[in-house]
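Residue strings, one per chain:
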Amino acid sequence: MDRSRYLLKNMSLFTVSNMASKLLVFLLVPLYTNVLSEADYGIADVMQTTLLLLVPLLSLNAGEAALRYGIEYSDKRGSILRSGLKHVLRSAALTAVACLAVIVIMSTSGTGAGYRGHILIFALLFACNALYEFMLLYAQGSEKVEIMITGSICCTVITIISNILFLLVFKMGLYGYLFSQIAAFCISFVIMFRLLRAETLLKEVEDKELKTEMTRYGRGMLLYSTASWANNAIDRYFILFMLGSVQNGLYGVAYKIPAILTVFQRIFAQSFQMSATKEYREDDSGRFFGELFELYNAVMLTGCTGILMVLRPLAAFMFRKGFYEAWIMVPPLLISVIFGALEG
């Protein structure tokens, strides 16, 4: 009963966080499709997709390691924070150097003048996103779910306010869209950092043995995280290079409807991850996990069916101008979300 209560408590907290955040962002889709062109949205989508690959890859899954060991070693969370932040900051520095090198090469060869600003912004976006994602997972691993939720909701609210400011007031287009994300990630990271009193935790002596174990764990997950990214995102690059940024923009916005289903998948996955870390050594853990998986499968399939029933009116509400034709891509994407959720 305790394990079920622990799971349900976390699920209720994650539901509040994810539903509030995703609902508000969901309502911004009509704004994006009305203000941004298909090409602009396509470029932004590729940048976000690239982040999904590079953040865990270059940081050696520091956030996942912080989640895994933060729950098990509650007395060493300061060391876990210090080790994880080192990996994240190192990855941000590496990305910045790589982006500057690409800009220099472009300037020397006289090519890609229109993309140099995007590459520079990407380096900043990477750093802010990597720090934000790490702090979310660290808070979750420290069982400070309330702080994690606070950070997530703050990120959403800041995104909405800055989007309205940059897109509608200053009319900055794609740059405004990207700057709003940078501001949201950066400010939310600082808020969580302060709420966790991380400056005090960083004073703890680093456990070298635990640091090595965390690094080994993160490296061991690289194949999984990279393969998952390839399954879910590599199609964006094929579309971009074969059909152009306009078609990629349509494809990217089509993903916004399956993202509704992804919300429920993420709520369960976040809660289950914490329970699994606590329960995997128990004798009857297999039965407990099996029952949860059956319930999870039923909920995902029911959600997929419900979305398909209201797909056309939902697309008419969300997709403006030339984006409406993206609705036809949604059904196969929903099926892929189902299989991706089960695999995850």
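A quick note: this is a predicted structure, and the numbers were derived from the prediction, not measured.

Details of the overall build of the protein
For the protein, the count of helices and strands is 16 helices and 0 strands. Taken over C-alpha atoms, the radius of gyration comes to 20 Å for the protein, in line with the 20 Å a tight globule of 344 residues would show. With respect to the principal axes defined by its C-alpha atoms, the protein has extents near 55 × 50 × 35 Å. Burial analysis of the protein (344 residues in total) assigns 49% to the buried set. Pairs at least 24 apart in sequence give 83% of the contacts found in the protein among residues at least 6 apart.

Observations concerning the packing of helix 5 (residues 77–109) against helix 6 (residues 116–141)
Two measures define how a pair of helices packs: the angle their axes make with one another and the distance between the axes. Running from amino to carboxyl end, helix 5 crosses helix 6 at an angle of 170°, the nearest separation of the two axes being 9 Å. The angle between helix 5 and helix 6 places the two elements in the roughly antiparallel class.

Re the side chain of Ser-59
As for its position among the elements, Ser-59 is in the loop between helix 3 (38–58) and helix 4 (62–72). The class for Ser-59 is buried, based on a relative accessible area of 5%. Excluding its chain neighbours within four sequence positions, the residues that come into contact with Ser-59 are Leu-54, His-87, Val-88 and Ser-91.

Describing the packing of helix 7 (residues 145–169) against helix 8 (residues 173–195)
At a minimum axis separation of 8 Å, helix 7 and helix 8 run at an interaxial angle of 150°. One element, helix 7, and the other, helix 8, form an angle in the roughly antiparallel class. Once helix 7 is placed against helix 8, the crossing between them reads as right-handed. In terms of residue class, the contact of helix 7 with helix 8 is built from 16 nonpolar, 9 polar and no charged.

Side note on the nonpolar core
Note that soluble globular proteins tend to have their nonpolar side chains buried in a common cluster. Within the largest apolar cluster, 104 residues are counted, with the highest numbers of intra-cluster contacts made by Leu-81, Phe-134, Met-135, Tyr-138, Ile-257, Leu-261 and Phe-319. The dominant element in this core, judged by the number of residues it contributes, is helix 6, at 17 residues. With residues up to four places along the chain from it excluded, the contact list for Phe-319 reads Val-29, Thr-33, Val-253, Ala-254, Ile-257, Tyr-324, Ala-326 and Trp-327.

Some words on the packing of aromatic side chains
Enumeration over the complete set of coordinates arrives at 12 aromatic pairs. Each residue in the set Tyr-32, Tyr-41, Tyr-177 and Phe-323 is aromatic and connected to the rest through ring pairs, giving one cluster. Just above the ring of Tyr-69 sits the side chain of Arg-68; from NZ or CZ to the centre is 4.7 Å. Note that Arg-312 overlies the ring of Trp-327, its terminal NZ or CZ placed 4.1 Å from the centroid.

Remarks on the pattern of salt bridges
One side chain can pair with another of opposite charge once the charged atoms of both are near each other. Here the structure, examined in full by the defined rule, presents 8 salt bridges. The partner of Glu-72 in a salt bridge is Arg-68, and the shortest N-O contact between them spans 2.2 Å. Of this pair, Glu-72 and Arg-68 both sit in helix 4, 4 residues apart, which is roughly one turn of the helix. Taking the relative accessible area as the measure of exposure, Glu-72 reaches 31% and is therefore partly exposed. A salt bridge links Glu-143 to Arg-77; its shortest N-O distance comes to 3.4 Å. Taken together, the positions of Glu-143 in the loop between helix 6 and helix 7 and Arg-77 in helix 5 put the pair 66 residues apart, joining distant regions of the chain. Judged by its relative accessible area of 15%, Arg-77 is buried. Residues joined in a network through salt bridges with shared partners are Lys-86, Glu-206 and Lys-208.

Examining the layout of surface pockets
Looking at the second largest pocket, its volume works out to about 400 Å³. Counting residues per element, the ones that place at least two in the lining of the second largest pocket are helix 3, helix 5, helix 6 and helix 11 (222–243). It is helix 3 that provides the largest number of residues to the lining of the second largest pocket, a total of 7 residues. For the lining of the second largest pocket, the class distribution of residues is 13 nonpolar, 5 polar and no charged.

Conventions used here
Counting restarts for each chain, with residues numbered from 1 along the sequence as it is written. It should be noted that, the model being predicted, local features are given only for residues of pLDDT at least 70 and side-chain atom pairs only at 80 or more, the latter also being counted only at that level, while totals for whole chains, interfaces and linings use all residues. Computation of side-chain values covers all heavy atoms of the structure but excludes hydrogens and water. The numbering of helices and of strands both runs from the N terminus, where a helix is a DSSP run of H or I of at least 4 residues and a strand a run of E of at least 2. In this description the radius of gyration comes from C-alpha coordinates, and the expected globular size is given by 2.2 Å times residues to the power 0.38. The classification of residues rests on relative accessible area computed with a 1.4 Å probe and restricted to protein chains. Under 20% of the type maximum is buried, over 50% is exposed, and intermediate values are partly exposed. Contact between two residues is taken to exist if any of their heavy atoms lie within 4.5 Å; hydrogens are not considered. To obtain each axis, a line is fitted to C-alpha atoms, and for helices this fit is confined to the stretch in contact; angles are then taken between N-to-C directions over 0 to 180 degrees. Put simply, angles under 35 degrees are roughly parallel, angles over 145 are roughly antiparallel, angles from 65 to 115 are roughly perpendicular, and the rest are oblique. Crossing handedness: left-handed means the near helix sits turned counterclockwise from the far one by under a right angle, and right-handed means the same turn made clockwise. All residues other than Ala, Val, Leu, Ile, Met, Phe, Trp, Tyr, Cys, Pro, Asp, Glu, Lys and Arg, Gly among them, are scored as polar; the first ten of these are nonpolar and the last four charged. Here, nonpolar core means buried Ala, Val, Leu, Ile, Met, Phe, Trp, Tyr and Cys residues that are tied together by side-chain atoms lying within 4.5 Å of each other. Put simply, two rings from Phe, Tyr or Trp (the six-membered ring, in Trp's case) pair if the centres are within 6.5 Å, and we call them stacked under 30 degrees between planes, edge-to-face over 60, tilted for the rest. Over a ring means this: the NZ of a Lys or the CZ of an Arg is within 6 Å of the ring centre and within 35 degrees of the ring normal. A pairing counts as a salt bridge when a side-chain nitrogen of Lys or Arg comes within 4 Å of a carboxyl oxygen of Asp or Glu. Grid spacing is 1 Å over the protein atoms alone, the probe is 1.4 Å, and a cavity is where that probe fits but cannot get out, while a pocket is an open set with protein on both sides within 12 Å along at least five of seven lines and lining residues have an atom within 4 Å of a point. Grid points are joined across faces, edges and corners, and a volume is the space filled by probe spheres set on the points.

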